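# Examining the three-dimensional arrangement
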Amino acid sequence: MRWGMVVNLIKCTRCHACIAACRIEHFLPMGMNWPRLIAWETDVPGEELTTIPVRCNQCKDAPCVEVCPAEATKKREDGIVYVDNDICVGCRYCIIACPYQNRTFLSRDKDPGYFPGYERTRFEKAGRKIYPHTVGTTEKCDFCMERIDAGLAKGLVPGKDREATPACVNTCQARALTFGDLDDPESEVSKLIKEKNAFQLHPEYGTDPSVYYIDGKIGNAPSNIAPREEQTASHMQHLSTMEERAKQIFGKK
Amino acid sequence: MAEKKIIKTTCKSCHGGCGVLVEVTDGVITHIEGNPDSTTRGTMCAKGLSSIQHIDNPYRIKHPYKRVGEKGEGKWKQISWDEALDTIAAKIKEASEKYGPWTVATSQGTGRGYNRYTHRFSRSMGSANVISPGYICHSPRIGLYGLITGYGRLYCDYHGWGGVFPKTQISWAKQLEISSADSELCNWYIKSLDYCKNLIIVDPRATAYTSRATLWLQIRPGTDAALALGMINIIIQEGLWDKEFVENWTYGFEELKKRAAEYPVDKVSEITWIPKEKIIQAARLFAQDTPGVIQIGSSLERQANCGQTLRAIINLLGITGNIERPGSMVSWVLPETGLIEDVFNEIPLTDEMRSHIYGGKEFKMGAARTCNPDTIIRDFNKGEKPIRVWISVGGQQIVHLASTKPVVEGLKKVDFLVQVDLFWGPMAEMADIVLPAAHWLEMDDIYDMHPRFMIEAHNKCVDPPGEAKSDAWIFNEIGRRVAPEYWFKDVETLLDHELRKAPTTWKKFSEKTISGCFGPDQVYYKYKTDYWRKGGGFPTPTGKMELYSTVLENLGYDPLPFFEEPGESPNSTPDLAREYPLVLTTGFRSPFYFLAQYRNIPWLRTFMEYPTMQINPKTAKELGIEDGDFVWIESPRGKIIQKARLFPGIDPRVVAATANWFYPEAPAQGFRGVFISNPNVLTNADHQDPMYGSPDLTCLICKVYKCKPEELKDPKFGDIFTKEHGGKPWAW
Ligand code: SF4
Ligand code: SF4
Ligand code: SF4
Ligand code: SF4
């Protein structure tokens, strides 16, 4: 069993609902985004610029797992790569090791509260009890493994039954996200990958992502896509400015 | 053990009415997600999900306030509900007695479940001066569809209930994929695309789905009527019209044929900037691959040629027979509760009320039941006092009306203005009394999603903050004080009254959460039955679908559609266009905001912090503008700042600015930054659609140039632009 996701780039409306769903599901602090939509340059005339939804690829050969000195980043039997935040020492090696920039360090300033300077909302407070976030550790998308585990325990099928399926997949109005078992040739994801000639982002990194893309006009050859520096620039700026700006806009004056 | 319950309710963060499940743990909302057992199948968008940040949001208005300083000075004193309501009632009575009930106006934002209260409230006081953004959003469609199908307005049948899905869909200035609007539903639309052969998108810029489309017609803003007439002409010239339908069920085909012949494809291509081949292909696909639907976006209603543009598109539907067939445009059968609008229709408009509708003599179609706000603003600025008391709920007229400066000056002259709102915004800063409103998570109410084929329930999940109250409660309480015969002892009785035809009660309905006429209960081909008219036919004077409208003719309008240039354009004002060389459109939707809403929701604001102006990289290069630069956009009326986003998907001659922008974080002075970035600072209220009064909001001309760094430090902008930001806007 290996859980995987297929993103349909032509159905995806870039609506960002997947991000909102993940924020609610995991009570994410303001400066934390597990899935993101990132700017992506293509070689398709008239569509030289697009955005694509990304999240942790749950790589089969995950460099983040290998570099973690505390063995806090682990890979499960079912392919899910996750961080044990009780063990994570905050060294951030994994952040450097992940070629996809899919990990974020939860520093204190990434958690100023929704409305900095004001009392935290009751949703935030309740969230900390249900889903603690440990400042000084690294976080990323974990394919909603709690949902999967709880669902499987009830005999449900991830990707088919809503309760066992990642939150972002459930909320997508465009039905652009499909979830399921990559090892099962009969699963929806396996069929889509085969029929639609799916591709992974930057396969040349050699990590064998479990997140696949279909129907995109971004060109199937990796050479078509933007150089990594470009992608990093827009991504890093996104994350580095948000907390500060949030404080400025929503903070107590 | 924590007490956990799941409450079924309905989202109205846009017009969608998505089914929602809210998890409440010990009185606190701990989760929101879509309800799989609803018409939207468990999906929700970012706006709806981020509703959680309305709860405990410190910027919410929590108590009634009265203004103690000047308008726009931001000085307030908290008062009790009793004082607020009694003061309002006294002001209404005084104005009514001294100057006539029509000097009391009721205004609202986009119809989000309170239309029936504003209209009932206004009528119960004896005034038909309801101010609504309807005239620039949806009302022209409702009215002009109504000329053909009476009440049963036309909607896209992409549900498959009649056994087929539309084969060809035209998404005309719409972007339904990112927000449900104007009675059309994102979720059903996207699903139906799986069965759609040809998706044709008419839009000046690339949208999320132009890459999914068979054909993208990149049109010059404001020329849509020419395109529709050009397509009609091609269809007629090539003999592709639906002969059976046209012959038996339409009126005025020959006249239309003649009119359309004035729009040969070469001329249309020149007007619209769309290559000739694409226009021909679109016309053929739509005429041949039937059934088809056309979703019309409200951008077309923010143009001064709006009435005739819509008439042209409706005629395009008519000659292709795309009326009342399964998979085409269909008028819905109502839910068992009947027409929710009867909540106000049961108080009829009297001739006296009608005769005092401002702008009613000029904009005869628009005056069916609302007045023209631009006329009111003009009258104020001429020194008159058309309105004495203005009760405003939800909407931000300052933001959405054309030409912000005279709007602010005009509104300052209103003797007494009340704003009911969730947050402090430009209208609240203009008010004399501000009342705190409840969010949909905090109220019991009925949601009508514009009258369509269903109604839904909002079930209260948590208490509103402070003393905030639902719109229904607020209207009922003021209503009880000024016109007790029309109002109810409490909200529950009011809701029961709204449901009386079903018959059901609020308590029962709130458990059911939805009542509608779905699937096989819908009726197609109504004109072939006695549905509208004994022996068949349409509910029109001629009994036919009027391609040539006898109703419009009697009102003194052209019965046949025509194209007219926008008030300012490279063609209509070539001299002006030399100074303002770029076409400016403001019609696009953002998936994170709904009109003027949600800049105060942190999660949503992270997606788009500043209003963004899209510009072609080629044009940007000529102007020395780089991605992420702050730029001035200037028209003869003024200039605003937006952030430039270099975007290859827009014509080099056009720029697209984000509409309806104010800065909730800006100080009260300057009405919360309403002059800084809102494109309506640039628009002009004087060129209006003769039927509806809609001004050119989405098609004008401008020039664009880079802001100097020191200009951004101007103290009047506060700290809005001063924070160092690096090169690019956030990825979105
Ligand atoms: S929710 Fe779906 S459509 Fe929206 S951005 Fe995410 S993947 Fe795309
Ligand atoms: S995407 Fe990055 S964080 Fe996720 S498994 Fe691969 S290397 Fe690790
Ligand atoms: S799979 Fe779960 S954790 Fe990952 S992005 Fe989606 S919602 Fe977030
Ligand atoms: S589409 Fe509209 S109704 Fe549905 S979740 Fe989004 S905001 Fe709410």
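Residues numbered from 1 in each chain as written. Chains lettered and ligands numbered in written order. Predicted model: local features only at pLDDT ≥ 70, side-chain atom pairs only at ≥ 80, totals over all residues. Heavy atoms only, no water.

We now examine the overall build of chain B. Helix and strand counts for chain B come out as 25 helices and 27 strands. For a compact globule of 732 residues, the expected C-alpha radius of gyration is about 27 Å, and chain B comes in at 25 Å, within 12% of that figure. For chain B, buried positions account for 70% of its 732 residues. Partitioning the intrachain contacts of chain B with sequence separation of at least 6 by distance along the chain shows that 74% fall at a separation of at least 24. Accessible surface for chain B amounts to roughly 23,000 Å². Of this, 51% is attributable to carbon and sulfur atoms. The distance from the centre of the 86 positive side-chain charges to the centre of the 89 negative ones in chain B is 1 Å. (Helix = DSSP H or I, 4+ residues; strand = E, 2+ residues; numbered from the N terminus. Rg over C-alpha atoms; globule rule 2.2 N^0.38 Å. Buried < 20%, exposed > 50% of the residue type's maximum accessible area, 1.4 Å probe, protein only. Contact = heavy atoms within 4.5 Å. Areas by Shrake-Rupley, 256 points an atom, 1.4 Å probe, with all protein chains shown as cover. Lys, Arg positive; Asp, Glu negative; His and termini not counted. Charge placed at Lys NZ, Arg CZ, Asp CG, Glu CD.)

Once that is clear, we can look at the overall build of chain A. In terms of helices and strands, chain A carries eight helices and nine strands. Taking all 253 residues of chain A together, the buried fraction comes to 64%. Of the roughly 10,000 Å² of accessible surface on chain A, 52% is carried by carbon and sulfur atoms.

Let us look at the sheet that holds strand β7 (residues 130-131) of chain B. Strand-to-strand pairing in sheets goes through backbone hydrogen bonds, with the strands running parallel or antiparallel. Residue and element names in this part refer to chain B. The seven strands are arranged β5-β4-β17-β16-β15-β6-β7 in an open sheet whose pairing can be described as mixed. Where the open sheet ends on each side, the last strands, each with one partner, are β5 (76-78) and β7. By the bridge criterion, two bridges tie strand β4 (residues 65-67) to strand β17 (residues 433-436) in an arrangement that is antiparallel. Across the sheet, tyrosine 65 pairs through a bridge with valine 434, a residue of β17. Along the sheet, helix α2 (residues 81-99) makes contact with β4, β6 (104-108), β15 (389-393), β16 (416-421) and β17, crossing β17 at roughly 130°. (Pairing = 2+ DSSP bridges. Axes fitted to C-alpha atoms, helices over the stretch in contact; angles between N-to-C directions.)

Attention shifts here to the domain arrangement of chain B. Residues and elements named next belong to chain B. Annotation of chain B at the domain level lists domain 1 (4-54), domain 2 (65-137 + 341-516), domain 3 (150-333) and domain 4 (574-717). Computed from C-alpha atoms alone, the centre-to-centre distance between domain 3 and domain 4 is 29 Å. Counting from both sides, the interface comprises 25 residues of domain 3 and, opposite them, 29 residues of domain 4. Across the domain 3/domain 4 interface, buried area totals approximately 2,100 Å², and carbon plus sulfur atoms make up 60% of it. Summed over the three residues of domain 3 that lose the most area to domain 4, namely Arg205, Arg302 and Ala304, the buried surface amounts to 30% of that side. Scanning the region where domain 3 abuts domain 4 turns up zero salt bridges. On inspection of domain 3 and its partner domain 4, the count reaches 13 residue pairs in polar contact (both at pLDDT 80 or more). Of the residues forming the side of domain 3 that touches domain 4, the biggest block, four residues, is contributed by helix α11 (residues 306-319). Counted by class, the side of domain 3 that touches domain 4 contains nine nonpolar, eleven polar and five charged residues. (Domains from an automatic or database assignment. Buried area = accessible area lost by both parts, 1.4 Å probe. Salt bridge = Lys/Arg side-chain N within 4 Å of Asp/Glu carboxyl O. Polar contact = N/O pair within 3.5 Å; in protein donor to acceptor, adjacent residues only side chain to side chain. Nonpolar A, V, L, I, M, F, W, Y, C, P; charged D, E, K, R; others polar.)

All right, on to helix α5 (residues 145-153) of chain A then. Note on helix geometry: an α-helix contains 3.6 residues per turn, so any two residues three or four positions apart are oriented the same way. By the burial criterion, the buried members of α5(A) are Met145(A), Arg147(A), Ile148(A) and Gly151(A). Within α5(A), the buried residues cover an arc of 160° as seen down the axis, which keeps them to one side. Against the buried residues of α5(A) lie β1 (3-8), α1 (17-26), β5 (81-83), α6 (167-171) and β8 (177-181) of chain A together with β3 (28-34) of chain B. (Arc of directions from axis to C-beta.)

Take the nonpolar core next. Ile29(B), Ile92(B), Trp172(B), Ile319(B) and Phe721(B) are the most contacted members of the largest nonpolar core, which totals 235 residues. Per-element tally for this core: the top contributor is helix α6 (residues 224-237) of chain B, with ten residues. In this structure, Ile29(B) is in contact with Phe123(A), Val22(B), Glu23(B), Val24(B), Ile52(B), Ile55(B), Leu441(B), Cys461(B) and Val462(B), ignoring residues within four places of it in sequence. Within the second largest apolar cluster, 40 residues are counted, among which are Tyr358(B), Ile377(B), Ala402(B) and Ala428(B). (Core = buried A, V, L, I, M, F, W, Y, C linked by side-chain atoms within 4.5 Å.)

Residue and element names in this part refer to chain A. In spatial order, the strands read β8-β1-β9; together these three strands make up an open sheet with mixed pairing. The open sheet has two edge strands, β8 and β9 (211-214), and neither has a second partner. Between one strand and the next, the sheet's axes are offset by a mean angle of 25°, whatever the strand orientation. With four bridges connecting them, β1 and β9 associate as parallel partners. Residue pairing across strands places valine 6 opposite tyrosine 212, the latter belonging to β9.

Summing up the model confidence of chain B, the mean pLDDT is 94 and the portion of residues at 70 or higher is 98%. Reported confidences for the modelled complex are a pTM of 0.94 and an ipTM of 0.94. (pLDDT = per-residue confidence, 0-100.)

In this section: the site of ligand 2. Close contacts around ligand 2 come from 14 residues, with Cys56(A), Cys59(A), Cys64(A), Cys98(A) and Arg103(A) the closest. Partitioned by chemical class, the residues of the shell around ligand 2 number nine nonpolar, three polar and two charged. (Near = heavy atom within 4 Å.)

It is worth spelling out the site of ligand 3 at this point. Residues in contact with ligand 3, as listed here, are Cys22(A), His26(A), Trp34(A), Pro35(A), Arg55(A), Cys141(A), Asp142(A), Phe143(A), Cys144(A), Pro166(A) and Cys168(A). Its residues placed into classes, the shell around ligand 3 shows eight nonpolar, one polar and two charged.

Considering all chains together, one arrives at 42 aromatic pairs over all chains under this definition. Ring centres of Phe115(A) and Tyr59(B) lie 6.2 Å apart, and the angle between their planes is 65°; this geometry places the pair in the edge-to-face category. Residue Phe115(A) is located in the loop between β6 (104-106) and α4 (122-130), and its partner Tyr59(B) is located in the loop between α1 (46-49) and β4; the two belong to separate chains. Judged by its relative accessible area of 1%, Phe115(A) is buried. Look at Tyr59(B) and you get partly exposed, because its relative accessible area is 24%. Taking the centre distance of 5.8 Å and the plane angle of 70° together, the rings of Trp161(B) and Trp332(B) count as edge-to-face. Of the two residues, Trp161(B) sits in the loop between β8 (154-156) and β9 (168-172) while Trp332(B) sits in the loop between β14 (329-331) and α12 (342-345), which places them 171 residues apart along the sequence. (Phe/Tyr/Trp six-rings, centres within 6.5 Å; stacked < 30°, edge-to-face > 60°.)

This part is about the side chain of Glu184(B). Residues and elements named next belong to chain B. Positionally, glutamate 184 belongs in the loop between β9 and α5 (186-192). Classification of glutamate 184 as buried rests on a relative accessible area of 5%. One polar contact links the side chain of glutamate 184 to the main-chain amide nitrogen of cysteine 156, over a distance of 3.2 Å. Once you skip the residues sitting within four places of it in the chain, glutamate 184 turns out to touch Tyr155, Cys156, Tyr158, Lys174, Leu176, Met449 and Arg452.

What follows concerns the packing of helix α3 (residues 115-124) of chain B against helix α19 (residues 491-498) of chain B. All names here are of chain B. Direction vectors running N to C along α3 and α19 enclose 100°, while the axes themselves pass 13 Å from each other. Between α3 and α19, the angle is such that the two are roughly perpendicular. Where α3 abuts α19, its residues Arg116, Tyr117 and Arg120 lie against Leu494, Leu495, His497 and Glu498. When grouped by side-chain class, the residues that make up the contact of α3 with α19 number three nonpolar, one polar and three charged. (Parallel < 35°, antiparallel > 145°, perpendicular 65-115°, else oblique.)

Quick look at the pairing of strand β22 (residues 582-585) of chain B now. All names here are of chain B. Side chains Leu582 and Leu584 of β22 all project onto a buried face; the interleaved residues Val583 and Thr585 project onto the opposite face, where all are buried too. With three bridges connecting them, β22 and strand β27 (residues 700-706) associate as antiparallel partners. Within β27, the residue paired with leucine 584 across the bridge is leucine 700.

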